[in-house]
Amino acid sequence: MAKELLEKARSYEREQLYKAQGDRPLFHMTAIAGWINDPNGFAPYKGEYHLFFQYYPYDLKWGTMHWGHAKTEDFIRWEHLPCALAPDKEYDKDGCFSGGALELSDGRHLLMYTGVSSKINKDGKTETFQTQCIAFGDGENYEKYEANPVIAKDLLPEGSDAYDFRDPKIWHEDDKYYAVIGNRGPDKSGRILLYESRDAVKWSFVSVLAACNNQYGRMWECPDFFKLDNKHVLIVSPQEMSAVGPEFHPGNANVCLIGTFDKKLHVLDREAVQAVDYGLDFYAPQTLLTKDGRRVMIGWMQNWETSMHTLPDTSFMGQMTLPRELSVKNNRLYQMPVRELDAYRAERVYYSDIRINGEKCLDGIKGRYIDMTINVRPADENGLYKRFCIYVAKDTVHYTLISFDPGENTITVDRTCGGFPHDIVNVRAFPVNSQKGRLKLRLIMDRFSLELFVNDGMQAASFIIYTASDADGISFESDGEVAAEVEKYELRVSCFDH
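Participant: Help me get a handle on the sheet that holds strand 6 (residues 109–120), residues and values and all.
Facilitator: Within the open sheet, the four strands sit side by side as 5-6-7-8. Their pairing is antiparallel. Each of the sheet's edge strands pairs with one partner strand only, and the pair in question is strand 5 (96–103) and strand 8 (142–144). Adjacent strand axes in the sheet meet at a mean angle of 30 degrees when their direction is disregarded. Where strand 5 and strand 6 come together, seven bridges link them in antiparallel fashion. Note on strand 6: the bridge partner recorded for Gly99 is Tyr113.

Structure representation (structure tokens):
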């Protein structure tokens with residue numbers, strides 16, 4: 001059965017390849033068919049950037065997880081590749097969960113993932129195990145290691161939960177391989193375990209790199225750990241998050257911990273904590289290091305609380321964010337769209353020092369495939385307006401509203417009137433660092449998505465929007481006079497390569 005399940009998925013992909021491509025975003029990665037969630041194995045291989053992802057090709061709902069596969073040269077145009085992993089071994093029969101990838105010195109492509117398997121005990125109760133497994137390949141075809149799993153419960157520290165033990169992210173440094181793995185500790189909250197290996201096959205436990213201590217959510221999933229701008233960054237995706245002030249919203253969240261790695265104790269000395277993304281639709285990000293030294297991140301642009309609902313006549317479920325370049329400034333994570341997007345800009349429309357008081361439309365400012373930057377400030381330097389709004393994906397009935405309150409220094413995004421016929425979470429507000437009503441906001445839209453980048457990347461926020469794609473109006477509104485510059489580009493990208 002081992003080869004049959006993988007070939008079944010690949011055969012199904014070939015059947016679906018050219019169906020219903022017209023309802024897709026242009027440059028946000030989606031699967032050929034079916035459901036996707038977490039990005040996996042986001043890493044360079046032989047001069048290109050490969051992306052795997054949690055994948056169930058046969059339905060628009062979560063199912064027994066496979067690994068889908070795509071690659072890119074510029075993070076904008078993606079080429080679909082055949083399904084890489086299927087749940088076809090005893091140790092992963094209930095799913096090939098998330099993990100990482102690495103190019104080995106001998107040219108092989110190493111995948112490291114969590115295998116999930118369950119068994120019924122003599123007492124009739126079901127016991128589920130999550131173990132770490134590897135596979136080797138050539139960039140398209142992969143063989144699972146004959147001695148899998150390579151990290152099982154015998155390598156867990158005392159008090160660890162063998163069920164919540166998943167999502168390895170692997171890297172090579174100083175002649176060793178390292179992996180960080182999410183786990184639930186003795187206090188029933190999340191922590192990140194650090195492992196090391198000389199050959200990526202035989203592993204040993206090193207330390208608890210960081211622990212939640214019941215402060216930020218419960219289980220910590222999908223860790224990523226890297227050095228950036230002389231700081232160490234740990235990104236985790238907590239489950240069962242309670243709101244923590246205005247910074248963190250409840251639910252399945254994302255948290256960035258910035259600090260210094262203690263190489264003797266192998267722990268992260270935490271110096272700052274922040275949300276990674278402030279929108280409604282962002283989870284389980286992964287990063288890679290580009291050939292020119294940039295740290296680039298991609299995430300699942302969806303939310304577990306809202307992903308059970310799809311629009312009628314949609315052939316896919318789930319998409320990835322636009323990849324983002326990361327930096328650390330003053331102990332804060334910044335993120336901006338990858339610079340490769342600039343090559344796909346066309347039809348520039350620019351307005352300088354326009355005045356807005358009330359509602360205003362601007363000729364040439366519309367669209368659902370756009371890159372638009374707005375700089376806004378009080379028209380009277382000694383005064384302060386009460387609110388500034390941008391309406392996007394707008395027609396006579398529908399719109400998504402982005403509003404800025406300079407008094408509270410808060411941005412609110414509201415897609416309630418977006419036309420989606422389910423009662424899901426539609427409003428998200430988050431604090432921003434704005435001085436005297438000055439705000440710089442960059443919007444990227446790609447049919448069913450809206451991504452905001454505030455004040456040159458100090459904050460980012462991701463949203464799925466469900467409005468029909470012919471609703472392409474954009475307007476501005478201000479309570480009190482503002483002065484603004486608006487620069488808009490159409491984005492011209494061919495559909496996915498196959």
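Participant: Which residues make up empty space enclosed by the protein, and what are the values?
Facilitator: For the structure on display, the rule yields four cavities of 30 Å³ or more. Volume-wise, the largest cavity comes out at about 180 Å³. Contributing to the lining of the largest cavity are 14 residues, with Thr314, Phe316, Met317, Ile464 and Tyr466 lying nearest its centre. Of the residues assigned to the lining of the largest cavity, the class counts are eight nonpolar, six polar and no charged. Each pocket or cavity is described by its volume, and for the second largest cavity that value is around 60 Å³. Lining the second largest cavity, in full, are Ile374, Val376, Phe388, Ile390, Ile402, Ser403, Phe404, Ile411, Leu439 and Leu441. Contributing elements (two or more residues each) for the lining of the second largest cavity: strand 23 (369–378), strand 24 (387–394), strand 25 (400–405) and strand 28 (439–446). No other element matches the three residues that strand 25 contributes to the lining of the second largest cavity. Each residue belonging to the lining of the second largest cavity can be placed in one class, and the counts come to nine nonpolar, one polar and no charged.

Participant: Give me the pattern of salt bridges: which residues, what numbers.
Facilitator: A full pass over the atoms with the stated rule returns 33 salt bridges. Measuring nitrogen to oxygen at the nearest pair gives 2.7 Å for the salt bridge that ties Asp371 to Arg442. Of the two residues, Asp371 sits in strand 23 while Arg442 sits in strand 28, which places them 71 residues apart along the sequence. Comparing Asp371 with Arg442 shows no difference in burial state: the two are buried. By sharing partners, the salt bridges in this structure join Asp292, Arg294, Glu325, Arg339 and Glu340 into a single network.

Calculation rules
Residues numbered from 1 in each chain as written. Predicted model: local features only at pLDDT ≥ 70, side-chain atom pairs only at ≥ 80, totals over all residues. Heavy atoms only, no water. Pairing = 2+ DSSP bridges. Helix = DSSP H or I, 4+ residues; strand = E, 2+ residues; numbered from the N terminus. Axes fitted to C-alpha atoms, helices over the stretch in contact; angles between N-to-C directions. 1 Å grid on protein atoms, 1.4 Å probe; cavity = no way out; pocket = protein on both sides within 12 Å on 5 of 7 lines; lining within 4 Å. Points joined across faces, edges and corners; volume = space filled by probe spheres on them. Nonpolar A, V, L, I, M, F, W, Y, C, P; charged D, E, K, R; others polar. Salt bridge = Lys/Arg side-chain N within 4 Å of Asp/Glu carboxyl O. Buried < 20%, exposed > 50% of the residue type's maximum accessible area, 1.4 Å probe, protein only.

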